[in-house]
Amino acid sequence: MINPYDAQDFHAKAIAEGRHRAIVGGRWDETGRAQMALLRDHGLKPHHHLLDIGAGALRLGCKAVPWLDPGHYHATDASRALLLAGHAMELDDPGRLPESHLIEDAEFAFPGLPDTITHAIAFAVFPHLPPGYLPRALTNLRRFPALETVFFTVFLAPDAEAAAGPVRQPDGVVTHALRPPYHVLAHDVAQIARACGWQALRDHRMLPRGQALYLAKPLD
């Protein structure tokens with residue numbers, strides 16, 4: 001199944017039609033507030049440096065940028081045009097976020113980011129991508145020496161037998177093993193994280209769409 005986000009001119013067309021919010025999954029305000037709440041509950045402070053992975057049109061950024069110290073928010077996405085649309089249309093004070101902090105990165109290589117990053121979040125990113133992207137991202141994030149916590153969400157299947165077919169999530173979304181939105185097993189999340197140098201801890205709060213939240217802490 002082809003990911004619709006990969007279609008030619010998908011982002012440009014959506015931005016031109018004023019749909020920069022809609023293409024990042026809906027529930028704009030609810031999801032942004034949920035992200036800010038979990039970050040603050042787990043110790044994010046204004047002086048920290050936050051990396052928003054798959055930030056889209058700044059659904060989290062429009063809430064995080066005013067709260068963090070100026071210049072302490074960084075964002076990556078497969079489409080820089082979408083990041084810039086959020087910068088232009090969703091920030092009350094765009095001057096708090098330099099455009100150079102908005103980086104196009106479809107490969108989770110994290111180019112051009114400073115070593116000062118202390119927290120990273122990938123919210124509703126990996127459920128839309130084949131399973132190999134999670135270990136790639138976790139491996140590449142190990143290069144940031146100050147990084148304390150990586151927050152990421154996945155859809156979970158309850159067991160291996162259920163994972164072979166479609167799974168209806170608590171919020172009604174149906175997930176799959178071989179096409180998006182993808183689900184994974186909790187055991188596999190823990191194993192992948194450990195292999196990449198992290199300990200993955202589950203936070204059991206209910207998130208939009210029924211996603212599961214994990215906190216990854218460095219093993220050393």
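Just so you know, these numbers come straight off a predicted model, no measurement behind them.

J.: A description of the nonpolar core should follow, citing residues and the corresponding values.
T.: Inside soluble globular proteins, nonpolar side chains tend to come together where they are buried. Phe110, Leu141, Val150, Phe152 and Trp198 are the most contacted members of the largest nonpolar core, which has 30 residues in total. In terms of nonpolar packing, the next biggest core, distinct from the first, is built from 27 residues, Leu50, Cys62, Ile121 and Leu215 among them.

J.: Tell me what's going on with the pairing of strand E5 (residues 149–157), and back it up with residues and numbers.
T.: Counted residue by residue, E5 has 9 buried out of 9 residues, so it is predominantly covered. What you see with E5 is no split at all: Thr149, Phe151, Thr153, Phe155 and Ala157 on one side and Val150, Phe152, Val154 and Leu156 on the other are buried throughout. Summarising the sheet, strand E4 (residues 119–122) and E5 pair through 4 bridges and their orientation is parallel. Residue pairing in the sheet places Ala120 in a bridge with Val150 of E5. Relative to strand E10 (residues 212–218), E5 is paired through 5 bridges, and the arrangement is antiparallel. By the bridge assignment, Phe152 is partnered in E10 with Tyr214.

J.: An account of helix H2 (residues 28–41) is requested, with residue identities and associated values reported.
T.: The terminal C-alpha atoms of H2 lie 20 Å apart, and with 14 residues this matches the ideal 20 Å at 1.5 Å per residue to within 8%. Restricting attention to buried positions, one finds in H2 the residues Trp28, Thr31, Gly32, Ala34, Gln35, Met36, Leu38 and Leu39. Looking at the buried positions of H2, the neighbouring elements they touch are strand E1 (50–53), helix H3 (61–67), helix H4 (80–90), E4, E5 and E10. Gly43, located one to two residues past H2, shows a positive phi value of around 100 degrees.

J.: If you had to explain the pairing of strand E2 (residues 73–77) to someone new, which residues and values would you point to?
T.: In terms of burial, E2 is a largely internal element, 5 of the 5 residues being buried. Residues of E2 alternate between two faces, with Tyr73, Ala75 and Asp77 on one and His74 and Thr76 on the opposite face, all of them buried. As paired elements, E1 and E2 share 4 bridges and run parallel to each other. Opposite Asp52, over in E2, you have Ala75 as the bridge partner. The pairing of E2 with strand E3 (residues 102–104) spans 3 bridges and is classified as parallel. Opposite Asp77, over in E3, you have Glu104 as the bridge partner. Between E2 and its parallel partner E3, the chain crosses via H4, and the hand of that crossover is right-handed.

So, how was this worked out
- By convention here, each chain's residues receive numbers from 1 onward along its written sequence.
- At least 70 in pLDDT is required for a residue's local features to be given in this predicted model, at least 80 for side-chain atom pairs to be given and counted, and no such filter applies to totals for whole chains, interfaces and linings, which use all residues.
- To obtain the side-chain values, all non-hydrogen atoms of the structure were included, while hydrogens and water were left out.
- Take the buried residues of types Ala, Val, Leu, Ile, Met, Phe, Trp, Tyr and Cys, join any two whose side-chain atoms come within 4.5 Å, and each joined set is a nonpolar core.
- Relative accessibility thresholds used throughout: buried, under 20% of the residue-type maximum; exposed, over 50%; partly exposed, between the two (1.4 Å probe, protein chains only).
- Working definition: helices are DSSP H or I runs of at least four residues, strands are E runs of at least two. Numbering for both runs from the N terminus.
- Here, any two strands with at least 2 DSSP bridges between them count as paired.
- An expected span of 1.5 Å times one less than the residue number is assigned to each helix.
- Here, residues are in contact when the closest pair of their heavy atoms is within 4.5 Å.
- Call a crossover right-handed when, viewed with both strands pointing away from you, the route from the first strand across the helix to the second goes clockwise.

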